[in-house]
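# Notes for the structure review
So you can see what is in the structure, the chains are spelled out below.
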Amino acid sequence: MKNPTRALVPIALLAVAGFGLVVAGGDAAAVLAARGGFPPWLIVPVVLLTIWNYALRWLRWNYYLRVLGVTGVSRVSSALVFLSGFAMGLTPGKSGELTKSYWLRELVGAERAPLARTTPIVFAERLVASSSMAMPAPSRSANTMGVVRAGGARSAPASSRSQ
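Keep in mind the model is a prediction, meaning the values are calculated, not measured.

Turning next to the overall build of the protein. Helices and strands together make up the secondary structure of the protein, namely seven helices and zero strands. Order of helices (α) and strands (β) in the protein, N terminus to C terminus: α-α-α-α-α-α-α. When burial is assessed residue by residue, the protein has 18% of its 163 residues classed as buried. Within the protein, counting contacts between residues at least 6 apart in sequence, those at least 24 apart form 49% of the total. Summed over all atoms, the accessible surface of the protein reaches about 11,600 Å², with 70% contributed by carbon and sulfur.

Next comes the structure, spelled out in structure tokens:
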């Protein structure tokens, strides 16, 4: 794989075609109505925060590669391998993300990126993602139980209030 960026155009075209098929096969009117209800002024901040999130995750990916001594991976190749995991995110347990280890080995060779050394990176990413999702969970559950009202004022759950 000499020039990994050449694969981006067909992949992007396939992604657009896949999205079109999903919209056409689903309830396109409902999707467009929901999109119409989204405040337009939030589009730019949401896109920027999403890009920021992916950039931070890519930096963490590169940190893991450095810590484990994986060498010879250019920044562009590293980014493409990192992004390839998103395509496999729908597999059960996100197990398809293990293909990132395979692609690293194919790019730089088995001696620089053996599967036994790079596979734990995928598990570390899953562990960090899971723990980051668990942190806000107590505040969400407190809010759904009626413990936290709008504005942050605390109140007793509805079941314990006297009527």
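In this section: a nonpolar patch on the surface. Residues Phe-38, Ile-43, Val-44, Val-46, Val-47, Leu-48 and Ile-51 make up a contiguous nonpolar surface patch of roughly 620 Å² in combined accessible area. With respect to the helices and strands, the residue Val-46 is situated in helix H3 (residues 43–67). When its relative accessible area of 40% is taken as the criterion, Val-46 is described as partly exposed.

Under the 1.5 Å per step criterion, the end-to-end length of H3 is 36 Å for 25 residues, consistent within 8% with the ideal 36 Å. Within H3 the residues assigned to the buried category are Trp-58, Trp-61, Asn-62, Tyr-64 and Leu-65. Here the buried face of H3 lies against helix H4 (75–87), helix H5 (99–108) and helix H6 (115–134).

Here we take up the nonpolar core. One finds Trp-58, Trp-61, Tyr-64, Leu-65, Val-70, Val-81, Phe-82, Leu-104, Val-108, Ala-113 and Ile-121 forming the largest nonpolar core, which totals 11 residues. For this core, the element with the highest residue contribution is H3, accounting for four residues. Look past the residues within four positions of Leu-104 in its chain and what remains in contact with it is Trp-61, Leu-65, Val-73, Val-81, Gly-109, Ala-113 and Thr-118.

This part is about the environment of Gly-109. Structurally, Gly-109 is set in the loop between H5 and H6. Placed 38 residues apart in sequence, Gly-109 and Thr-71 show a C-alpha to C-alpha distance of 9.9 Å.

Locating Thr-118 in the fold gives a position in helix H6. With a relative accessible area of 1%, Thr-118 lands in the buried category. Beyond its immediate sequence surroundings of up to four residues, Thr-118 is in contact with Val-70, Ser-101, Leu-104 and Ala-113.

The next point concerns H5. All buried positions along H5 are accounted for by Lys-100, Ser-101, Leu-104 and Val-108. All buried residues of H5 fall inside an arc of 100° around its axis, so they share one side. The first or second residue beyond H5 is Gly-109, which carries a positive phi of 100°.

What follows deals with the packing of aromatic side chains. Across all of its chains, the model carries five aromatic pairs by this definition. A ring pair is formed by Trp-61 and Phe-82, whose centres lie 6.3 Å apart and whose planes are at 45°; its orientation type is tilted. With a gap of 21 residues between them, Trp-61 in helix H3 and Phe-82 in helix H4 connect regions that are remote in the sequence. Ring geometry for Phe-82 versus Phe-86: centroids 5.3 Å apart, planes at 75°, classification edge-to-face. Linking Phe-82 with Phe-86, this pair stays in helix H4, spanning four residues, or about one helical turn.

Definitions and limits used
- Residues numbered from 1 in each chain as written.
- Predicted model: local features only at pLDDT ≥ 70, side-chain atom pairs only at ≥ 80, totals over all residues.
- Heavy atoms only, no water.
- Helix = DSSP H or I, 4+ residues; strand = E, 2+ residues; numbered from the N terminus.
- Buried < 20%, exposed > 50% of the residue type's maximum accessible area, 1.4 Å probe, protein only.
- Contact = heavy atoms within 4.5 Å.
- Areas by Shrake-Rupley, 256 points an atom, 1.4 Å probe, with all protein chains shown as cover.
- Patch = residues over 30% accessible without salt bridge, like charges linked within 9 Å, V, L, I, M, F, W, Y side chains within 5 Å.
- Salt bridge = Lys/Arg side-chain N within 4 Å of Asp/Glu carboxyl O.
- Expected span 1.5 Å × (residues − 1).
- Core = buried A, V, L, I, M, F, W, Y, C linked by side-chain atoms within 4.5 Å.
- Arc of directions from axis to C-beta.
- Phe/Tyr/Trp six-rings, centres within 6.5 Å; stacked < 30°, edge-to-face > 60°.

That is the geometry; function is a separate question.
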